[in-house]
Amino acid sequence: MKLYPNHYCENITTLTPEFLKENNIKALILDVDNTLLDFNLKIVDGLKQWHDKIRENGIKCIILSNSNKLTKVKMVADLLDIPFIKFAMKPLKRGFKMAQKQLDIPFENIAAVGDQIFTDVIGANGVKMFSILVKPLDKKDLWMTRFKRPIEELVIKSYLKKQVDK
């Protein structure tokens, strides 16, 4: 179980088509909660424009969310005009494999983007996808996520120290 992401960044809109192409990424699997939407259901600033740029560069996207709230996940999927899978049960491989099948792109050419190490990063690493960890949009979290955040912060500190030491 690999805890470190392949890449760590401020938020999803900082990911450029150039960066993705440099890393041979042809598709993105996107998390919703605290990655695309904050706790109050506010969409990350510039998301639509960012996605338009990604799409113009031929990079496919799909949403893979652990949420079972259809209206929330569908709202973002409709905004971006992309498919979605809800109640994915990340980090289990099943959801990632379903997304890969829909994208019809090899695992090694897909990046999974999310705000949690114990769901998004571990899940992506488990199926040999490029994992991208973003900072959570909001400090507010669901109760089950809240207790994991301090552990994630320790992992991120260790990851960042190793990046500096390289």
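Residues numbered from 1 in each chain as written. Predicted model: local features only at pLDDT ≥ 70, side-chain atom pairs only at ≥ 80, totals over all residues. Heavy atoms only, no water.

A. Representation of empty space enclosed by the protein within the structure. Counted under the stated rule, the structure contains one cavity of 30 Å³ or more. What the largest cavity holds in volume is close to 30 Å³. The wall of the largest cavity is formed by Ile29, Leu30, Asp31, Leu64, Lys90, Phe96, Ala112, Val113, Gly114 and Asp120. Breaking the lining of the largest cavity down by element, the ones donating at least two residues are strand 2 (27-30) and strand 5 (110-114). Classifying every residue of the lining of the largest cavity by side-chain character gives six nonpolar, one polar and three charged. (1 Å grid on protein atoms, 1.4 Å probe; cavity = no way out; pocket = protein on both sides within 12 Å on 5 of 7 lines; lining within 4 Å. Points joined across faces, edges and corners; volume = space filled by probe spheres on them. Helix = DSSP H or I, 4+ residues; strand = E, 2+ residues; numbered from the N terminus. Nonpolar A, V, L, I, M, F, W, Y, C, P; charged D, E, K, R; others polar.)

B. Fine view of the packing of aromatic side chains. In the structure shown here, the tally under the stated rule is one aromatic pair. Taking the centre distance of 6.2 Å and the plane angle of 65° together, the rings of phenylalanine 19 and phenylalanine 130 count as edge-to-face. One end of the pair, phenylalanine 19, is in helix 1 (residues 17-22); the other, phenylalanine 130, is in strand 6 (residues 130-134), and 111 residues separate them in sequence. Residue phenylalanine 19 is classed as buried on the basis of its relative accessible area, which comes to 18%. A relative accessible area of 15% means that phenylalanine 130 is categorised as buried. (Phe/Tyr/Trp six-rings, centres within 6.5 Å; stacked < 30°, edge-to-face > 60°. Buried < 20%, exposed > 50% of the residue type's maximum accessible area, 1.4 Å probe, protein only.)

C. Main features of the pattern of salt bridges. The final tally for this structure, using the stated rule, is seven salt bridges. A salt bridge links lysine 90 to aspartate 31; the nearest nitrogen and oxygen atoms lie 3.0 Å apart. Separated by 59 residues along the polypeptide, lysine 90 in the loop between strand 4 (84-85) and helix 4 (93-103) and aspartate 31 in the loop between strand 2 and helix 2 (47-56) bring together distant segments of the chain. With respect to class, lysine 90 is no different from aspartate 31; both count as buried. Aspartate 33 is the salt-bridge partner of lysine 72, the closest N and O atoms lying 2.7 Å from each other. One end of the pair, lysine 72, is in helix 3 (residues 70-80); the other, aspartate 33, is in the loop between strand 2 and helix 2, and 39 residues separate them in sequence. Note on aspartate 33: relative accessible area 23%, which makes it partly exposed. (Salt bridge = Lys/Arg side-chain N within 4 Å of Asp/Glu carboxyl O.)

D. Seen up close, the pairing of strand 5. Extensive coverage of strand 5 is indicated by the burial of five of its five residues. Side chains Ile110, Ala112 and Gly114 project from strand 5 onto one buried face, and the interleaved Ala111 and Val113 project onto a second face that is buried too. Relative to strand 6, strand 5 is paired through four bridges, and the arrangement is parallel. Of the residues in strand 6, the one forming a bridge with alanine 112 is serine 131. Handedness of the crossover joining strand 5 and strand 6 through helix 5 (residues 117-126): right-handed. (Pairing = 2+ DSSP bridges. Right-handed = clockwise from strand over helix to strand, strands pointing away.)

E. Layout of unusual backbone geometry. For the bond running from lysine 90 to proline 91, omega is 20°, close enough to zero to count as cis. Looking at the secondary structure, you find proline 91 in the loop between strand 4 and helix 4. Of note in this structure, leucine 41 is not a glycine but carries a positive phi near 70°. The topology assignment puts leucine 41 in the loop between strand 2 and helix 2. Taking relative accessible area as the criterion, leucine 41 reaches 45% and is therefore assigned partly exposed. Backbone geometry places lysine 128, a non-glycine residue, at a positive phi of 65°. Among the secondary structure elements, lysine 128 is positioned in the loop between helix 5 and strand 6. With a relative accessible area of 66%, lysine 128 lands in the exposed category.

F. Just helix 5, in detail. In terms of burial, helix 5 is a largely internal element, eight of the ten residues being buried. Within the span of helix 5, buried status applies to Ile117, Thr119, Asp120, Val121, Ile122, Gly123, Ala124 and Asn125. Note on helix 5: the residue one or two positions beyond its end, lysine 128, has a positive phi of about 65°.

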